[in-house]
Each structure stands twice: as structure tokens, then as C-alpha cells.
Amino acid sequence: MRTLLCCFPLLLLAGCGKEPTPSAKRPSETPVAVTAVTASRTAQPSTYEATGVVRARTSATVSSKLMGYAKEVRAQVGDRVTDGQPLVILDSRELESSIARSEAARDEVKSAIPEADSAIAAVKAQMDLSQSTLARMQDLFSKRSITNQELDEASARMKSAQAGLDMARARRTQLNSKLAQADQEVRAAGIQRAYAVVAAPFSGIILTKSIEPGTLAIPGAPLFTIEREGGFRLEASVEESRLGAIRPGQAVGVTIEGNENMIRARVSEIVPSVDAASRTGIVKIDLPALPGLRTGVFGRAAFDTGSREALAVPHAAVTERGQLQSLFVLDGNVARLRVVSLGARSGTLVEVLSGLSEGERVIVSGMPRLRDGSPVEVRP
């Protein structure tokens, strides 16, 4: 027993003198080379944004001027048509019959004109003879070679010939009037026949169609809707309180759905009425020619209202993932991920509404290699 008790302290001393095995060290992370800028307040343009819809400057609803069944339909939705191009051909058999009747009536009047001219010539010859006879009778009467009765008879024949001539000339004038009326009826029938061809009022594209072969076209009923290509404008809904600050010709920044680039445009018209329900008015903004622009596309208009001080950073520093917007801020030699809320963008800068303070250093390069807590090396 005494031998065991003596050995126990020796074992304890041996155990206390043994060094522990050193643990494996974690490898250090290589710093990421980045550049950074200081977030500061700058003068940013103050804008008012209104939403709207793109519409064609010129559009038309095409309808028929007469009633008739569609014989041919020569255009479909989406077709590009030229000015005067036939779109619908109506059945014009009744109109052809009307033209034939009008032409027959005109020919009948024309055929009566030679007879009337001959009658005028015959009566004129009688008139000339009566005048000569009366002149001789008056000469003989002055020599007391004939009686009063014979002179009166010569005078009566001359007056009768004069009346006949006036009647023949009146008949000819009446024929002229009838001929003019017949010509007018022929022209009117021809115009009606021309209405059987419904043509495009200008060059453009077909948006809607509501006519098929065999269906009845009614005057005034829409057959097609056409819009002129190359001329579009944004019709923006502007709050009533903002309308007074907008003027025709004012420069406006426009953003069209599907096109991230801002377009410079100008106000062309301000509709004087205001919608009673929404308390907004329509401001029409002429747009430049853009590929793919069409009616119904959504757009935004930014109206300049002056300038203001705002905290801004380069847009390149911002990372967007869906609705989440973030950036990296320097914390010593470490990058810290910061979720922010952004405002309006102006050129290469974007306004930061929340999540960042003035004077903080924001990383603007090397973001794809960074994560929250990554060591960084700031380079000039």
C-alpha cells in the first residue's frame, strides 16, 4: 500500500508535464481589391413622375358610306396598308343599275337637242321672212299702195314668228337644264358606286377588323381601326394640382416599358378637362420614332420640378436581386453588406433614401467577389 501511494504523485507529475497537441490554424482569407467612394449629398433634379399609355398620334375608324353586303375583304388585323388601298369591296349591282338608268335619261335628253335646234332654225327663217315682209308693207303703206288691213296682217305674222322663235329657244334652254340635271345624276351615281370600295384613309397598320365577306356593312358602323405608323405619343395622367406647372413644349424624360433608356421628349398638348373621379388630367407627350413602339405600351413621364439636396451614390455600387437592393460599405478593411432603399436615378448617380449615412465609404468595384465580412484592400 505504501508503495502504491508513493507512485501516484509521480504519475500526477508526469501527466502535468505533458504539452497538448497544437490545433490546426484556419487559413487567412485573401483581401479583395476594391475601389470606394464617399457617400455625399449632391444637388439632384427634383422630378414628378406620372404614368401613362402610348397611343398613336393619328388613328381612324373606317366605316362604309352606304349599305351593302361585303363582296371582298382585302385586309386583316396587323396588315400594313397604304393611302387609298381598297379594304372592302361591297356588292354594287344596284348601283350599276342606277348608273345605267341615269345614263339612259341623259342620252334621251341629248337625242332631243338636234330636233330643238332644227325647230329654232325653221322658226328663225320664218321670223326673218316676216320682218322683211313687214318692212316692204310699211314702205308700200307710206306710199298709200296697201290698206291698213294688209299692214296689220303683215305685222301680226311677224309677231307670231317672233313668239314661235322665243318658244323654240325656251325649249332648247329647257333641254340644256335637263341635260345638266342628267349629267349630275350620272356623276352622283358614279360617286355612289365609288363608295362601294372602302379604302384606307392613310398609310398605317390595321388594329381591329369587324367585317367578313357576306356580312352587311351599315353606314357609320366601324369596319376597321387604322393607326398611322411612325407617330406615337405618351398620354400621361397628371394630378390636377400639378397641371398648372406644365407647359406645351416642356422637355420631359420618358421611360417606356421594355426599354430602360430614358427618352427625351416634349409636351405637345394638355387636355383642358380633368377626370372627376381620379382628379387627373391628360398630358400628351410626342415621342421620337422607336423600334417596336406600339399602342397600349405602358410608360412613365418624369417632369422636372427643380433641384434638391439628396444623398447619392454611383448606380454601379448597387446590387439588385429582385426587389432587394443592397450595397457594400467599408468597415475598416472589411466589407459590410447593407440593404438600402433607393430613389430617383440621375445619370450615373442614384438617390439613397435609407440604409446609408453621409460620409460612409461605398464600394464601387469588385462586388461579385464580396460577401458580408470579406476583407478588402482599397485601391485608388
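Residues numbered from 1 in each chain as written. Predicted model: local features only at pLDDT ≥ 70, side-chain atom pairs only at ≥ 80, totals over all residues. Heavy atoms only, no water.

Trainee: I tried to follow the overall build of the protein chain on my own but got confused; where do I start?
Mentor: Per the secondary structure count, the protein chain includes three helices and 23 strands. Against the compact-globule benchmark of 21 Å for 380 residues, the protein chain has a radius of gyration of 49 Å, which places it well outside the compact range. Dimensions of the protein chain, computed from the C-alpha atoms along their principal axes, are close to 205 × 50 × 40 Å. For the protein chain, the residues scored as buried account for 32% of the 380 residues in total. Restricting to contacts in the protein chain with at least 6 residues of sequence separation, those with at least 24 account for 75%. (Helix = DSSP H or I, 4+ residues; strand = E, 2+ residues; numbered from the N terminus. Rg over C-alpha atoms; globule rule 2.2 N^0.38 Å. Buried < 20%, exposed > 50% of the residue type's maximum accessible area, 1.4 Å probe, protein only. Contact = heavy atoms within 4.5 Å.)

Trainee: Sorry if this is basic, but what is going on with a nonpolar patch on the surface here?
Mentor: A surface patch of nonpolar side chains, about 410 Å² in accessible area, is lined by M67, Y69, L216 and I218. When you line up the elements, I218 lands in the loop between β10 (216-217) and β11 (222-227). (Patch = residues over 30% accessible without salt bridge, like charges linked within 9 Å, V, L, I, M, F, W, Y side chains within 5 Å. Areas by Shrake-Rupley, 256 points an atom, 1.4 Å probe, with all protein chains shown as cover. Salt bridge = Lys/Arg side-chain N within 4 Å of Asp/Glu carboxyl O.)

Trainee: Whenever I open this one, the packing of aromatic side chains confuses me. Can you help?
Mentor: Here the distance between the centres and the angle between the planes together describe a pair of aromatic rings. This model, assessed by the stated rule, comprises one aromatic pair. For the cation-ring pair, R228 lies above F202, with the distance from its terminal atom to the ring centre recorded as 4.4 Å. (Phe/Tyr/Trp six-rings, centres within 6.5 Å; stacked < 30°, edge-to-face > 60°. Lys NZ or Arg CZ within 6 Å of the ring centre and 35° of its normal.)

Trainee: Got a minute to help me understand helix α2 (residues 93-142) in this structure?
Mentor: An α-helical segment advances 3.6 residues per turn. Residues three or four places apart therefore align on the same side. Given a rise of 1.5 Å per residue, 50 residues ought to cover 74 Å, and the 74 Å separating the end C-alpha atoms of α2 matches this to within 8%. R144 sits one or two residues past α2 and shows a positive phi near 60°. (Expected span 1.5 Å × (residues − 1).)

Trainee: I'm lost on the nonpolar core in this one. Help?
Mentor: The nonpolar side chains of soluble globular proteins are, as a tendency, buried together. Of all hydrophobic cores here, the largest spans 23 residues; its most connected members are V254, I285 and F303. At the level of secondary structure, the elements contributing two or more residues to this core comprise β3 (40-56), β12 (232-239), β13 (251-256), β14 (259-274), β15 (280-287) and β16 (298-314). Not counting chain neighbours up to four residues away, the residues in contact with I285 comprise F232, R233, L234, V252, V254, A265, R266, V267, S268, A301 and F303. (Core = buried A, V, L, I, M, F, W, Y, C linked by side-chain atoms within 4.5 Å.)

Trainee: Before we go on, may I ask you to explain the side chain of T133 in this structure?
Mentor: Residue placement: T133 occurs in helix α2. Non-local contacts of T133, meaning those with residues more than four positions away in its chain, are made with A154 and R157.

Trainee: For this particular structure, what's the right way to read the sheet that holds strand β4 (residues 59-63)?
Mentor: Hydrogen bonds between backbone atoms are what pair the strands of a sheet, whose relative direction is either parallel or antiparallel. Strand order in the open sheet made by the four strands is β4-β11-β9-β6, with antiparallel pairing throughout. The sheet is open, and its two edges are formed by β4 and β6 (80-81), each paired on a single side. In terms of strand pairing, strand β9 (residues 204-209) meets β11 through four bridges, oriented antiparallel. Bridge pairing in β11 links K209 to F224. (Pairing = 2+ DSSP bridges.)

Trainee: Mind showing me how you'd approach the sheet that holds strand β5 (residues 68-73) here?
Mentor: Ordered by their spatial adjacency, four strands build an open sheet running β8-β7-β5-β10, and the pairing between neighbours is antiparallel. Strand pairing shows two members of the sheet lacking a second neighbour, β8 (197-199) and β10, which therefore form its edges. Here two bridges tie β5 to β10, and the two strands are oriented antiparallel to one another. Directly across from G68, in β10, lies its bridge partner A217.

Trainee: Which parts of the structure should I look at to understand the pairing of β11?
Mentor: Remember that side chains alternate between the two faces of the sheet whenever the strand is regular. Direction of pairing for β4 relative to β11: antiparallel, over a ladder of five bridges. Each bridged residue has a counterpart across the sheet, and for S59 the counterpart in β11 is E227.

Trainee: In this structure, what is going on with unusual backbone geometry? I would like to understand it.
Mentor: Glycine aside, negative phi is the norm for most residues, and most peptide bonds take the trans geometry. Phi angles above zero are rare outside glycine, and R144 is one such case at about 60°. Counting through the fold element by element, R144 comes out in the loop between α2 and α3 (148-194). Although it is not a glycine, R279 adopts a positive phi angle of roughly 55°. Along the chain, the position of R279 falls in the loop between β14 and β15.

Trainee: What's the story with the pattern of salt bridges in this structure? I'm lost.
Mentor: Between side chains of opposite charge, a pair can form as their charged atoms come close. Under the counting rule described, the total for this entry stands at 19 salt bridges. Linking E235 and R233 is a salt bridge whose minimum nitrogen-to-oxygen distance equals 3.9 Å. The two residues E235 and R233 agree in class, both being buried. Between E240 and R279 there is a salt bridge, with the nearest N and O atoms lying 3.1 Å from each other. With E240 in the loop between β12 and β13 and R279 in the loop between β14 and β15, the pair connects residues that are 39 residues apart, well separated along the chain. In this structure, a network of salt bridges that share partners links the residues R55, R233 and E235.

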